[in-house]
Amino acid sequence: MMIKRRDLLAAGGALLGGAACGVLAPMRAAQAHEYELGKLTIEHPWVRAPKDGETTAYFYAFVHNKGGADKLIAVKSPNVGKVTLHADAKHTIAEGGIAIAANKTTTLSPEGAHVVLAEVKKINPVGWGMELVLVFEKAGEVTVDAAVDAPDAKHAHDAEAMQRWEKAHPEGGTTSPAGGAEEHHHDHHDHKDDHKSMDMK
């Protein structure tokens, strides 16, 4: 099923504007890019797309934990050949999985713990989404729709990186959407400022 991320994100922006004016709006749209799994909430999952000619992508997200300690032990996709979990920006291998601290938020970012998706066989173009299955040691599995961002993005929905990518790819990229369940569109222009909490400089 096609998910019109543009509509959801635009509605989220309207929610923020409405809140500023004292207008109460439905929360569903604003929470559209959050995934609940027991005591865990995965917020703003995103993928830094491979550079032209390369096959390595990177996965990031916020993992809010309201329960006991857990671990991210795997990320699965039929379109990824190899997945490596790293504990920090120095690419230290996270033996046994990436630690998810109890009652805290664990940030997967370009400057922290992250997941390397190597030997990517197929990925939707920048601006679309990529379906991934996150596996936690205790909480179990959850399927997320991760936004596909530019190869040099510093955070989710990095507008400047998107503009650079679009300038270098005026035709919209050399590939078409992967199709099937992964055909999820993410519009990066409808909400340049509503994800400042994701700014991982």
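Residues numbered from 1 in each chain as written. Predicted model: local features only at pLDDT ≥ 70, side-chain atom pairs only at ≥ 80, totals over all residues. Heavy atoms only, no water.

S.K.: Which residues make up the overall build of the chain, and what values do they have?
M.R.: In terms of helices and strands, the chain carries two helices and 12 strands. Going from the N terminus to the C terminus, the chain shows its helices and strands as β-α-β-β-β-β-β-β-β-β-β-β-α-β. Burial analysis of the chain (201 residues in total) assigns 48% to the buried set. Counted over contacts in the chain with a minimum sequence separation of 6, partners at least 24 positions apart contribute 70%. Counting only carbon and sulfur atoms, one obtains 53% of the accessible surface of the chain, whose full area is about 10,200 Å². (Helix = DSSP H or I, 4+ residues; strand = E, 2+ residues; numbered from the N terminus. Buried < 20%, exposed > 50% of the residue type's maximum accessible area, 1.4 Å probe, protein only. Contact = heavy atoms within 4.5 Å. Areas by Shrake-Rupley, 256 points an atom, 1.4 Å probe, with all protein chains shown as cover.)

S.K.: Pulling in residues and values, what's your account of the pairing of strand E2 (residues 34-37)?
M.R.: The two faces of a sheet get side chains in turn, since along a regular strand they alternate between them. Of the two faces of E2, the one holding Tyr35 and Leu37 is buried and the one holding Glu34 and Glu36 is not buried anywhere. Of the strand pairs in this sheet, E2 and strand E3 (residues 40-48) are connected by four bridges, and their pairing is antiparallel. Paired with Tyr35 across the strands is Ile42, a residue of E3. (Pairing = 2+ DSSP bridges.)

S.K.: Before we move on, can you summarise the environment of Pro151 with the specific residues and values?
M.R.: Tracing the backbone through its elements, the reader meets Pro151 in the loop between strand E11 (140-149) and helix H2 (159-168). On the basis of relative accessible area, Pro151 is assigned to the buried category, the value being 19%. Taking the C-alpha atoms as reference points, Pro151 and Val126, 25 residues apart in sequence, are found 8.6 Å from one another. In this view, Pro151 contacts Arg48, Ala49, Pro50, Lys51, Val126 and Trp165; residues no more than four positions away in its chain are not counted.

S.K.: Could you give an account of the environment of Ala153, naming the residues involved and the relevant values?
M.R.: In this structure, Ala153 sits in the loop between E11 and H2. With residues near it in sequence (within four places) discarded, Ala153 still touches Trp46, Arg48, Pro110, Asp158 and Ala161.

S.K.: Would you mind going over the confidence of the model for the chain in detail, with residue names and values included?
M.R.: Residues shown with low pLDDT carry predicted positions that ought not to be read at fine detail. Looking at the chain, the pLDDT average stands at 78 and 69% of residues meet or exceed 70. Taken together, the stretch residues 174-184 has pLDDT below 50 and engages in 28 contacts with residues farther than four places along the chain or on a different chain. Throughout residues 188-201 the model reports pLDDT below 50, and contacts reaching past four residues in sequence, or to other chains, amount to 33 contacts. (pLDDT = per-residue confidence, 0-100.)

S.K.: Can you explain unusual backbone geometry? Please cite residues and give values.
M.R.: Positive phi values are uncommon outside glycine, yet His44 reaches one of about 50 degrees. His44 gets classed as buried once you look at its relative accessible area, which sits at 7%.

S.K.: Provide a residue-level description of the pattern of salt bridges, including the pertinent values.
M.R.: On inspection of all chains with the given rule, the structure shows two salt bridges. The closest approach of N and O atoms between Lys76 and Glu141, which form a salt bridge, is 3.0 Å. Residue Lys76 is located in strand E5 (residues 70-76), and its partner Glu141 is located in strand E11; the two are separated by 65 residues in the primary sequence. Taking relative accessible area as the criterion, Lys76 reaches 39% and is therefore assigned partly exposed. Its relative accessible area of 47% is what places Glu141 among the partly exposed residues. (Salt bridge = Lys/Arg side-chain N within 4 Å of Asp/Glu carboxyl O.)

S.K.: Give a detailed account of H2, specifying residues and quantitative values.
M.R.: Given 3.6 residues per turn, any residue in an α-helix points the same way as the ones three and four places further on. Buried within H2 we find Ala159, Ala161, Met162 and Trp165. Around the axis of H2, the buried residues are gathered within 155 degrees of arc, so they sit on the same side. Opposite the buried face of H2, at more than 90 degrees from it, the exposed residues are Glu160, Lys167 and Ala168. The opening residue of H2 is Asp158, an N-cap whose side-chain oxygen sits 3.2 Å from the backbone nitrogen of Glu160. (Arc of directions from axis to C-beta. Polar contact = N/O pair within 3.5 Å; in protein donor to acceptor, adjacent residues only side chain to side chain.)

S.K.: How would you sum up the side chain of His114? Please name residues and give values.
M.R.: Inspection of the secondary structure assignment puts His114 in strand E9 (residues 114-120). Since its relative accessible area comes to 2%, His114 is described here as buried. A polar contact of 3.2 Å, which involves the side chain of His114, links it to the side chain of His91. A polar contact of 2.9 Å, which involves the side chain of His114, links it to the backbone oxygen of Gly112. When neighbours within four sequence positions are excluded, His114 is seen to be in contact with Tyr58, Phe59, Tyr60, Thr84, Leu85, His86, Asp88, Ala89, His91, Ile98 and Ser109.

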